[in-house]
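Each chain, letter by letter, is given below.
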Amino acid sequence: MDKNKHLDSVISTHQITKEETLFDKYVKKKNEVKEALEDKYESDIYSPFNSGSYAKNTAINTKFDFDLVSPFKRNAFGCSGTLKEMYEDVYDFLYEKYKDVAEVKKQKVSIGLEFYADSDGDVIKIDVVPGRELSQDQYKENENLNLYVYYKYGNIDAGSERIKTNVKAQINNIKTRATDEKDSIRKIIRLLKVWKNTKYNYPTKSFFLELITIKAFDNKTITGSIWEKLETVLEYIRDNVTKDSFTLKDPGNSSNDLADTLTSYEKQQLSDDMKNMLDRIRDNDENLKTYFPENSKFKKEESKTNQYGTNSGMPVPPPKLNFG
């Protein structure tokens, strides 16, 4: 089997642009939630913005949601207001507004909105991430935010108010790199997300996989074909994630160690999974398809494109999407 050809097809069939109609629904719903927050909190909130895979151009079309970071002013909930009060207030507002049309749930640092299936059977998910500037009007200068941890997050205790970050710096961590490296990093991150999507309720978050991929590129010489690059990243994770000295610094705040978001057991599980995956693929190339499956919904379309060089019928211009 040609591993590179298969991985190229995995990436292509998982492009978010192939789900244009669904993507448009997400954008519309995200804008609706953004406007609701702005109407509710008025001058106490800065403009909410997209983060996560959508902003970083690492989304895949089999499982994606929009992260909507909502930056609040320092005194939005009173001079002595706590991050917990901020989090609970935003949850209460979203629950009352959307309880009849969505499941509203408290998550680790966000509030999840999972809208009930529409007439097409599509379920839209928006994660609202409330954050608060460190001091009054400081956000306009450096965009730093404090987040609230609702429940235990790896080794970070529930109720912790120590997560300070800069989400826009996280986005720029990929965006500002050289084009070739940036494109390679994004492809590997998408492939790891496809792999993660084959696992049920896997503890390792996508942001962790993103950062460890970037760290692999920063610490190893990663060249060659798409398979060779993926193989090197998988080896790096296997060999390093369980080390006591291993750290994974948040580009938005170097004091945050994302390695703390996994327990020792979860790190060992991730390392073992990388080892088993590499061993099985080396035993038989066909096993690559198990770990990195194509999106069957678009596989025929991709095969037709490869066979004839273009899709049959009149060409359709791609949607105008700006992922950074």
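For the structure itself, look to the data block above.
Numbering of residues begins from 1 in every chain and follows the order in which that chain's sequence is written. Totals for whole chains, interfaces and linings use every residue, but because this is a predicted model, local features are given only for residues with pLDDT of at least 70 and side-chain atom pairs only at 80 or more, for both listing and counting. Processing note: side-chain calculations cover all non-hydrogen atoms of the structure and skip hydrogens and water entirely.

> Honestly, the pattern of salt bridges in this entry has me stumped. Any pointers?
Two side chains that carry opposite charge are able to pair once their charged atoms sit near each other. The term salt bridge refers to a pairing of a side-chain nitrogen on Lys or Arg with a carboxyl oxygen on Asp or Glu at a separation within 4 Å. Under the definition given, this model contains 23 salt bridges. Close ionic contact of glutamate 19 with lysine 297 constitutes a salt bridge, the shortest N to O distance being 2.9 Å. With glutamate 19 in the loop between helix H1 (3-13) and helix H2 (20-41) and lysine 297 in helix H12 (residues 296-308), this pair connects stretches of sequence that are 278 residues apart. The class for lysine 297 is exposed, based on a relative accessible area of 55%. Between glutamate 181 and arginine 177 there is a salt bridge whose closest N-O contact spans 3.4 Å. The cut-offs for exposure are 20% and 50% of the maximum accessible area for each residue type, with area from a 1.4 Å probe on protein chains only; residues under the lower value are buried, those over the upper are exposed, and the others partly exposed. With relative accessibility at 28%, the residue glutamate 181 sits in the partly exposed group. Three or more residues joined by partner-sharing salt bridges are found here, namely Lys25, Asp118, Asp120 and Asp122. Strands here are runs of E lasting at least two residues and helices are runs of H or I lasting at least four, both read from the DSSP assignment and numbered beginning at the N terminus.

> How should I be thinking about the side chain of glutamate 133 in this particular structure?
Mapped onto the elements, glutamate 133 comes out in the loop between strand S5 (125-132) and helix H5 (139-142). Although glutamate 133 is buried, it makes no salt bridge; lysine 73 carries the closest opposite charge, 6.7 Å away. Counting of polar contacts relies on pairs of N or O atoms within 3.5 Å, with two restrictions inside protein: one atom must be capable of donating a hydrogen and the other of accepting it, and residues adjacent in sequence are counted only when both atoms are side-chain atoms. For glutamate 133, the side chain forms a polar contact with the main-chain nitrogen of aspartate 137, separated by 2.9 Å. Sequence-distant contacts of glutamate 133, defined by excluding residues within four places in its chain, comprise Tyr46, Phe72, Lys73, Arg74, Gln138, Tyr139, Asn144 and Leu145. Residues scored as positive are Lys and Arg, those scored as negative are Asp and Glu, and His as well as the terminal groups of each chain are ignored. Whether two residues are in contact is decided by their heavy atoms: any pair within 4.5 Å suffices.

> Please clarify how the pairing of strand S9 (residues 253-257) should be interpreted in this entry.
On a regular strand, one side chain projects to one face of the sheet and the next to the other, so that they alternate. Two strands are counted as paired when DSSP detects at least two bridges linking them. Note: strand S8 (residues 249-250) against S9, two bridges, orientation antiparallel. Pairing of aspartate 250 across the sheet is with asparagine 253, part of S9. What sits between the antiparallel neighbours S8 and S9 is a turn of two residues.

> Would you take a moment to explain the packing of helix H6 (residues 167-175) against helix H8 (residues 206-219) for this structure?
The geometry of a pair of packed helices is captured by two quantities: the angle between their axes and the separation between those axes. Axes here refer to lines fitted to C-alpha atoms; in helices the fit is confined to the stretch in contact. Angles between the N-to-C directions go from 0 to 180 degrees. Where H6 meets H8, the axes come as close as 11 Å, and the angle between the chain directions of the two elements is 45 degrees. As the angle between them shows, H6 and H8 are arranged oblique. H6 and H8 meet at a crossing whose hand is left-handed. Each of Gln170, Asn173 and Ile174 in H6 lies in contact with H8, whose residues at this interface are Phe207, Glu210, Leu211 and Ile214. To sort the angles, those under 35 degrees are grouped as roughly parallel, those over 145 as roughly antiparallel, those from 65 to 115 as roughly perpendicular, and the leftovers as oblique. By convention the crossing between two helices is left-handed if the near helix lies anticlockwise of the far one by an angle smaller than a right angle, and right-handed if it lies clockwise.

> Looking at this model, I keep getting lost on the nonpolar core. Mind explaining?
Taken as a class, soluble globular proteins show a tendency for nonpolar side chains to be buried jointly. Counting residues in each nonpolar core, the largest one holds 43 residues, and the members touching the most others are Leu191, Leu270 and Phe292. Secondary structure elements with two or more residues in this core: H1, helix H7 (179-197), H8, helix H9 (226-240), helix H10 (264-283) and helix H11 (288-291). Broken down by element, the residue count for this core peaks at eight residues, all from H8. Sequence-distant contacts of leucine 270, defined by excluding residues within four places in its chain, comprise Trp195, Tyr202, Thr204, Phe208, Ile237, Val241 and Leu262. Counting residues in hydrophobic clusters, the runner-up holds 34 residues, among them Phe23, Ile45, Val104 and Val128. By convention a nonpolar core is built from buried Ala, Val, Leu, Ile, Met, Phe, Trp, Tyr and Cys residues, the set being connected through side-chain atoms within 4.5 Å.

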